[in-house]
Amino acid sequence: MNEFVDELKTYLSPLTAEEQADVLQFYLEYLEDSNLTTYKQAVSELGTPRQVARKILADYSIRASEQPEPQPTATKSKRDVKTIWLIILAIFSTPITIPIAIVIFFVILAIVVSVAAVLFGVALSLIAVLLAAVVSIFIGFTLLSASLWTALYYIGIGLLIIGGYMIIIPVIKWIVELIIHWLSIFFKWLYSKVVHANKAEKRGDHK
């Protein structure tokens, strides 16, 4: 029993000391009340410490992401990304039937690949636009001695591109943050459908 709790503790480092103490006390009391004295019995009843911990971390992260306190947008996005990752780990740590597991795997894979491809494409486009602006300004300066108006034209085009670049960056940032937020909502929904409370949590809910 102590071996199970000790191993569980090693996976709970992302939680605060107080949160870890609450979780460990809860599971220790459950194991004692259920007379589960060996590691094997505890695993048979609840799953491995890693599986239990991944669900705990996902639950804590979901609750934290739903707190009403105002947070900077960047902080919210980081928290959403962390929540998505913990949910994915919890889902793949949950014993589910093979067909469902395959479907979930390909759904998650498709989402990750699609989002990554879009972000990669946007990043390449922004880099290409910025390089075009730099090249235009460079050409303009090289033409200053030959043709002032042509040089000013190229420099103006480059500065115009950079100006547009500075305007569009916040818009793209907002779109990316919105995509991350909606992805977190989707994964929370998926988590609620796939991952269910273990026996200890069910008992705790009915106390």
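The rules behind the values
- All residue numbers refer to positions counted from 1 along the written sequence of the respective chain.
- Two thresholds apply to this predicted model, a pLDDT of at least 70 for residue-level local features and 80 or more for giving and counting side-chain atom pairs, whereas whole-chain, interface and lining totals are computed over all residues.
- Note: side-chain values were computed over all heavy atoms of the structure, leaving out hydrogens and water.
- Only DSSP runs of H or I covering at least 4 residues are called helices, and only runs of E covering at least 2 are called strands; the numbering of each starts at the N terminus.
- Radius of gyration: C-alpha atoms only; globule rule: 2.2 Å multiplied by the number of residues to the exponent 0.38.
- The classification of residues rests on relative accessible area computed with a 1.4 Å probe and restricted to protein chains. Under 20% of the type maximum is buried, over 50% is exposed, and intermediate values are partly exposed.
- Contacts were defined at the residue level, with two residues in contact if any of their heavy atoms lie within 4.5 Å.
- Every accessible area reported is derived by Shrake-Rupley at a probe size of 1.4 Å, with residue values counting cover from the shown protein chains alone.
- Positive: Lys, Arg. Negative: Asp, Glu. His and the chain ends are not part of the count.
- Lysine's charge is taken at NZ, arginine's at CZ, aspartate's at CG and glutamate's at CD.
- Start and end points for every domain follow an automatic or database-based domain assignment.
- Buried area, as used here, totals the accessible surface that two parts lose on assembly, with accessibility defined by a 1.4 Å probe and the loss added over both.
- Whenever a carboxyl oxygen of Asp or Glu lies within 4 Å of a side-chain nitrogen of Lys or Arg, that contact is scored as a salt bridge.
- Gly is put with the polar residues, along with every residue not named as nonpolar or charged; the nonpolar set is Ala, Val, Leu, Ile, Met, Phe, Trp, Tyr, Cys and Pro, and the charged set is Asp, Glu, Lys and Arg.
- A pair of aromatic rings is counted whenever rings of Phe, Tyr or Trp (Trp by its six-membered ring) have centres within 6.5 Å, and the orientation is called stacked for planes under 30 degrees apart, edge-to-face for over 60 and tilted otherwise.
- What a helix should span is 1.5 Å times the count of its residues minus one.
- Summarising the geometry, the arc corresponds to the directions from the helix axis toward the C-beta atoms.
- Residues grouped as a nonpolar core are buried Ala, Val, Leu, Ile, Met, Phe, Trp, Tyr and Cys residues, joined through side-chain atoms within 4.5 Å.

You'll find the chain entered in an unreviewed UniProt entry as DUF1700 domain-containing protein, with Pediococcus stilesii given as the organism.

Looking only at helices and strands, the chain has 8 helices and 0 strands in total. Along the chain, helices (α) and strands (β) appear in the sequence α-α-α-α-α-α-α-α when read from the amino end. Its C-alpha atoms give the chain a radius of gyration of 26 Å, clearly above 17 Å, the size a compact globule of 207 residues would have. Viewed in the frame of its principal axes, the chain has a C-alpha envelope of about 90 × 40 × 30 Å. Relative to its full complement of 207 residues, the chain shows a buried share of 31%. Contacts in the chain between residues at least 24 apart in sequence constitute 71% of all its contacts with a sequence separation of at least 6. With the model as given, the accessible surface of the chain reaches about 13000 Å², and the carbon-plus-sulfur share is 70%. Taken as two groups, the 17 positive and 17 negative side-chain charges of the chain have centres that lie 7 Å from each other.

What follows deals with the domain arrangement of the chain. As a measure of interface size, the accessible area lost when the parts come together is often cited. As far as domains go, the chain holds domain 1 (1-66) and domain 2 (100-196). Here the C-alpha centroids of domain 1 and domain 2 sit 41 Å apart. If you look at the interface, domain 1 gives 6 residues, while domain 2 gives 4 residues. Buried area between domain 1 and domain 2, both sides added, is near 390 Å², and the carbon and sulfur share of it is 65%. Between the two partners, domain 1 and domain 2, sit 0 salt bridges. The class makeup of the residues in the side of domain 1 that touches domain 2 is 2 nonpolar, 1 polar and 3 charged.

Quick look at the packing of aromatic side chains now. Counted by the stated rule, this structure contains 7 aromatic pairs. Judged by centre distance (5.6 Å) and plane angle (80 degrees), the rings of tyrosine 153 and tyrosine 154 are edge-to-face. Between phenylalanine 186 and phenylalanine 187 the ring centres are 5.4 Å apart and the planes differ by 75 degrees, which places this aromatic pair in the edge-to-face class. Given the relative accessible area of 2%, phenylalanine 187 is considered buried.

The end-to-end C-alpha separation of helix α2 (residues 17-33) is 24 Å, in line with the 24 Å expected for 17 residues at 1.5 Å each. Those residues of α2 that sit buried are Gln20, Val23, Leu24, Tyr27, Tyr30 and Leu31. The buried residues of α2 occupy an angular sector of 125 degrees when the element is viewed end-on, so they sit on one face. Exposed side of α2, more than 90 degrees from the buried face: Ala17, Glu18 and Asp33 are the residues found there.

Right, let's talk about the nonpolar core for a bit. One finds Leu12 and Phe187 to be the most contacted residues of the largest nonpolar core, which totals 35 residues. For this core, the elements supplying multiple residues, two or more each, are α1 (2-10), α2, α3 (39-46), α4 (49-65), α5 (73-92), α6 (98-142) and α7 (148-194). Each of domain 1 (1-66) and domain 2 (100-196) gives at least three residues to this core. Those residues in contact with phenylalanine 187, other than ones at most four positions away along the chain, are Ile84, Ile87, Ile88, Ile108 and Ile111.

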